[in-house]
Amino acid sequence: MSGPQKIMAIAIDGPAASGKGTLARRLAAKYGLHHLDTGLTYRAVAKALLDKGLPLDDEAVAEREARTLDLSRLDRELLSTHEVGEAASRVAVMPGVRRALVEKQRAFAAMPPGAILDGRDIGTVVCPDAPVKLYVTASAAVRAERRWKEVVEQGGRAEYAQILADVERRDARDMGRADSPLRPADDAHLLDTSEMDIETAFQAACAYIDAAFGR
Ligand SMILES: Nc1ncnc2c1ncn2[C@@H]1O[C@H](COP(=O)(O)OP(=O)(O)OP(=O)(O)O)[C@@H](O)[C@H]1O
Ligand SMILES: Nc1ccn([C@@H]2O[C@H](COP(=O)(O)O)[C@@H](O)[C@H]2O)c(=O)n1
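What counts and what doesn't
- Residues numbered from 1 in each chain as written.
- Chains lettered and ligands numbered in written order.
- Predicted model: local features only at pLDDT ≥ 70, side-chain atom pairs only at ≥ 80, totals over all residues.
- UniProt positions renumbered as here; feature names shortened; annotations may be inferred.
- Axes fitted to C-alpha atoms, helices over the stretch in contact; angles between N-to-C directions.
- Helix = DSSP H or I, 4+ residues; strand = E, 2+ residues; numbered from the N terminus.
- Parallel < 35°, antiparallel > 145°, perpendicular 65-115°, else oblique.
- Left-handed = near helix turned anticlockwise from the far one by under 90°.
- Contact = placed C-beta atoms within 7 Å.
- Expected span 1.5 Å × (residues − 1).
- Buried ≥ 20, exposed ≤ 12 C-beta atoms within 10 Å, placed from the backbone.
- Arc of directions from axis to C-beta.
- Near = placed C-beta within 6 Å.
- Nonpolar A, V, L, I, M, F, W, Y, C, P; charged D, E, K, R; others polar.

- As annotated in an unreviewed UniProt entry, the protein chain carries the name Cytidylate kinase and is attributed to Nitratireductor thuwali.
- According to its UniProt record, the protein chain has this under Sequence similarities (unreviewed entry): "Belongs to the cytidylate kinase family. Type 1 subfamily."
- Looking at the Subcellular location (unreviewed entry) heading of the UniProt record, one finds this comment for the protein chain: "Cytoplasm".

## Details of the packing of helix α2 (residues 39–51) against helix α6 (residues 95–109)
So, step 1. Running from N to C, α2 and α6 cross one another at 135°; their axes reach a closest spacing of 11 Å. Classified by the angle their axes make, α2 and α6 are oblique. Note that α2 runs across α6; the crossing there is right-handed. Where α2 abuts α6, its residues Thr41, Tyr42 and Val45 lie against Val97, Leu101, Lys104 and Gln105.

## Considering helix α9 (residues 160–176)
So, step 1. In this model, α9 (17 residues) spans 24 Å end to end at C-alpha, consistent with the 24 Å of a helix rising 1.5 Å per residue.
So, step 2. All buried positions along α9 are accounted for by Ile163, Val167, Arg170 and Asp174. Along the long axis of α9, the arc covered by the buried residues comes to 70°, so they all point the same way. Away from the buried face of α9 by more than 90 degrees, exposed residues Ala161, Gln162, Ala172 and Gly176 are located.
So, step 3. Residues of α9 that are buried in the fold lie against α5 (82–91) and α8 (140–153).

## Regarding α5
So, step 1. Among the residues making up α5, those that are buried are Ala88, Ser89 and Val91. Angular distribution of buried residues about the axis of α5 spans 160°; they occupy a single face of the element.
So, step 2. Against α2, α3 (59–67), α6 and α9 lie the buried residues of α5.

## Re the UniProt feature "binding site: ATP" (unreviewed entry) in the protein chain
So, step 1. In the numbering used here, UniProt assigns the "binding site: ATP" (unreviewed entry) feature to Gly14, Pro15, Ala16, Ala17, Ser18, Gly19, Lys20, Gly21 and Thr22.
So, step 2. Looking at the element boundaries, Gly14 is found in the loop between β1 (8–13) and α1 (20–31).
So, step 3. In this structure Gly14 comes out as buried when scored by C-beta crowding, with 28 C-beta atoms within 10 Å.
So, step 4. If near-sequence neighbours (up to four positions away) are discounted, Gly14 is found in contact with Lys20, Tyr135, Val136 and Thr137.
So, step 5. Tracing the sequence through the fold places Thr22 in helix α1.

## Re unusual backbone geometry
So, step 1. Following Pro112, the chain continues to Pro113 via a peptide bond in cis, the omega torsion being 0°.
So, step 2. By the element assignment, Pro113 lies in the loop between α6 and β3 (114–119).
So, step 3. Of note, the phi angle at Ala17 is positive, near 60°, even though the residue is not glycine.
So, step 4. Following the sequence through the fold, Ala17 ends up in the loop between β1 and α1.
So, step 5. Of note in this structure, Ser180 is not a glycine but carries a positive phi near 50°.
So, step 6. The residue Ser180 is located in the loop between α9 and β5 (189–192) in this model.
So, step 7. C-beta crowding within 10 Å serves as the criterion here: with 19 such atoms nearby, Ser180 is assigned to the partly exposed category.

## Looking at the site of ligand 2
So, step 1. The environment of ligand 2 is made up of 14 residues, and the closest members are Gly39, Tyr42, Ser89, Ala92 and Gly119.
So, step 2. Sorting the residues of the shell around ligand 2 by element identifies α2, α5 and α9 as the ones contributing at least two each.
So, step 3. Among the residues making up the shell around ligand 2, the classes are represented as 4 nonpolar, 5 polar and 5 charged.

## Things to note about the site of ligand 1
So, step 1. Neighbouring residues of ligand 1: 17 residues in total, closest Gly19, Gly21, Thr22, Arg146 and Glu150.
So, step 2. Counting residues per element, the ones that place at least two in the shell around ligand 1 are α1, α8 and α10 (198–212).
So, step 3. Considering only residue class, the shell around ligand 1 consists of 5 nonpolar, 7 polar and 5 charged.

In structure tokens:
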């Protein structure tokens, strides 16, 4: 008789536009794991407030939205706007919102055979016992350029200087908040992709994960 199935959890954190989502999606496909972009959960709460004309600074109201969030209904395309991202980083400072979302994220992480979660506090708060933690980063200038290219390739208009200012403001808010600030977990593996393309970053992450799991 086989014992209980071992759950494999991989935690990926990093600042805005560092490439953690791109990496997490590819790693989930390679290792056959579920994937949750936890940024979408904060974005969904923010969008619900915006759509209903509710204030972004009322914690009780925002927590109520967070408690009713259905993780199976996160629509990346609808949630990807700049306005929603900004609003998400404002509701993400609220402990009540974080508590509600972290409960849901932990339940997701416990699904067999395992999951990859990416965000800002996965290795430090959501899955502190994850056997593999990656902290993906790149300089603010490189991240802003990646985001600028993304917008232009999708047919949008963007000012590089404006995007750089947005990236820096988001970093300051995410790293400076009192509850669950963005920082690498003490046992996280640092992956600075400033000088890596997507494929090189993916191969570096796979090499680290395979070594951690003794493959
Ligand atoms: N190593 C890389 N080299 C060049 N471009 C990259 C690299 N990694 C990701 N990108 C590109 O940078 C952009 C941002 O990547 P991605 O959305 O994965 O970042 P993120 O950290 O998940 O951002 P956010 O937290 O803001 O959602 C995307 O257009 C992606 O294709
Ligand atoms: N684990 C997380 C994930 C995200 N946030 C906040 O949400 C904002 C939007 O996230 P994106 O990754 O989709 O850009 C982000 O700026 C954070 O404020 C978080 O706090 N914790």
